[in-house]
Structure formats: structure tokens, C-alpha cells
Amino acid sequence: MPDPKERLWTAGAYTEEDVPSLLALIRSYYGDIDTTSEAFFRWQYEANPSGRVILWVARHKETGAVMGQHVLLPMGASVSGRDVQGVLSFNALVEPTYHQQGILSGLGDACNDAARDQGVGLSYGIPNPNSRGPRTKRLGYHDLGDLDLLVRIVRPSAAASILPAWARGLGSLGLGLLRPVLFGAARARENWEVREIQEYGPEFDTLYGAFRGRYGALIRRDAAHLGWRYQG
């Protein structure tokens, strides 16, 4: 990492003037898709019930150009029944022209310091293979292992291509007969029904309250957070 005195960039919290450049940086990695739009940016980073995003930016000392970003998204949680303020570390990006200048680790440290000053007690992430090493080696994150990928096929005919050849050869009738064996039998409904809702009301606060003490750690799922997450 270059000596801090020789850095060509400075770190600071993002401002409204940075938004167009940040969107351009995000699109350069992911393309022009829904999740790189300004509307999504405003929703995810500014409308979160757990608080405004902690986003630090690296700017070129001479030109002021945005060189990279580090993002900590506030995530309310319950740990052993006690409310805590955590953050999800994700979307750390550096403009490829400015790689190998210590921006990733420098921004990460500054961003984590800012989060600590705001009373955040926990930062966690689900990194991709490219960022896993830098987060554990440079930013002090502890690797807790891999997450299991859980898959359930809900329509066997549509997923026939991933079944063994002998199963595909049975045709739709054979797949129908094998459905309980391969995918589990349907459960009978007893005293409950599935219905569409228009909004998340106080009953969801009650549900979250009933479960928050049953888990070692549980991301906040009250009405406000569910409404933000699924209804925008």
C-alpha cells in the first residue's frame, strides 16, 4: 500500500454532488439495470428505516474525480433478544484505473471508523470470491465459512433439464408420480390460509416481537422494515 503521505486521493462521506459519479461507477461494474438506477439508489441508501447509508468516497486530490466507494448499509437486528445496530458491508468498488493504490482498505477503515462513531456494534458481509480475501486480510473481517444454497424445485416440468436422464425419460406422467419422492408431498392446510396483503400492519410487529428472542441473531423484520424491503 502506498504511504498515506503520497496518496493521490482523499476519503470523505458522500455528498449529493457525488451521486451522478457514484451511479456511473456502479453501472460500470453491473451495467444499466434496475438496481443501478437513481431511484434504487435513493430507496436503498436513503429510505432505510434503520438509517441513512454510511458511504465513503475516494476523490482524486487534483481533479476531484470519484475513484471508489465503500458502503455500509444500516441493518437493525436482535441478538439474543437485545436490539443492536449493525451494518451490511457490500458494494465496495474501485474504478479499475485506480487499483493498487490502497483505496479499498483505506476507504474500508475510514468507513468502519465512522460507523463505530455512530454506535454501530457489528459489521458483516457476504463477499464474492474477489472481495473475500481483501476483506479478511486487509479490513480485519473474520471468515465464518460458506453459506448453504437451499434450492426447491416448484415445477418439475420446467426444471426437467437438471434431472437425471432416467427421470427425464419418464415424461410428464412419470414426473407427476415421482413428485412426492423428489420434491416432497404437499402439506395439508389446517386453520390457516394464504392471502395477498396490501400493507404491513402492526400484526407484523407482533410477529417479529414473538420471534426476536428465539434466535441468537435475527435481522429486524418489523412492519417498517418489511414495507421498505418489499413494497418500497
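Whatever comes next refers back to the structure up there.
Procedures and definitions
- Residues numbered from 1 in each chain as written.
- Predicted model: local features only at pLDDT ≥ 70, side-chain atom pairs only at ≥ 80, totals over all residues.
- Heavy atoms only, no water.
- Core = buried A, V, L, I, M, F, W, Y, C linked by side-chain atoms within 4.5 Å.
- Buried < 20%, exposed > 50% of the residue type's maximum accessible area, 1.4 Å probe, protein only.
- Helix = DSSP H or I, 4+ residues; strand = E, 2+ residues; numbered from the N terminus.
- Contact = heavy atoms within 4.5 Å.
- Polar contact = N/O pair within 3.5 Å; in protein donor to acceptor, adjacent residues only side chain to side chain.
- Salt bridge = Lys/Arg side-chain N within 4 Å of Asp/Glu carboxyl O.

1. As for the nonpolar core
- Within the largest apolar cluster, 17 residues are counted, with the highest numbers of intra-cluster contacts made by Tyr14, Leu22, Phe41, Tyr45, Val53 and Leu55.
- Those elements that provide at least two residues to this core are helix H1 (19-30), helix H2 (38-46), strand S2 (54-60), strand S3 (66-79) and strand S4 (82-94).
- Here the element with the most residues in this core is H1; it accounts for five residues.
- When neighbours within four sequence positions are excluded, Val53 is seen to be in contact with Tyr14, Tyr45, Val71, Leu72, Leu73 and Pro74.

2. Digging into the side chain of Asp18
- Position of Asp18 relative to the elements: it lies in the loop between strand S1 (9-13) and H1.
- A polar atom in the side chain of Asp18 sits 2.9 Å from the backbone nitrogen of Thr15.
- Those residues in contact with Asp18 that sit more than four places away from it in its chain are Ala13, Val57, Arg59 and Val66.

3. A look at the pattern of salt bridges
- Throughout the structure, instances matching the rule amount to twelve salt bridges.
- With a closest N to O distance of 2.5 Å, Glu16 and Arg42 form a salt bridge. Of the two residues, Glu16 is situated in the loop between S1 and H1 and Arg42 in helix H2; the sequence distance between them amounts to 26 residues.
- Given the relative accessible area of 45%, Glu16 is considered partly exposed.
- A salt bridge links Asp222 to Arg220; the shortest N-O distance between them is 2.8 Å.
- Residue Asp222 is classed as buried on the basis of its relative accessible area, which comes to 10%.

From the geometry alone we can't say anything about function, so treat these as descriptive.
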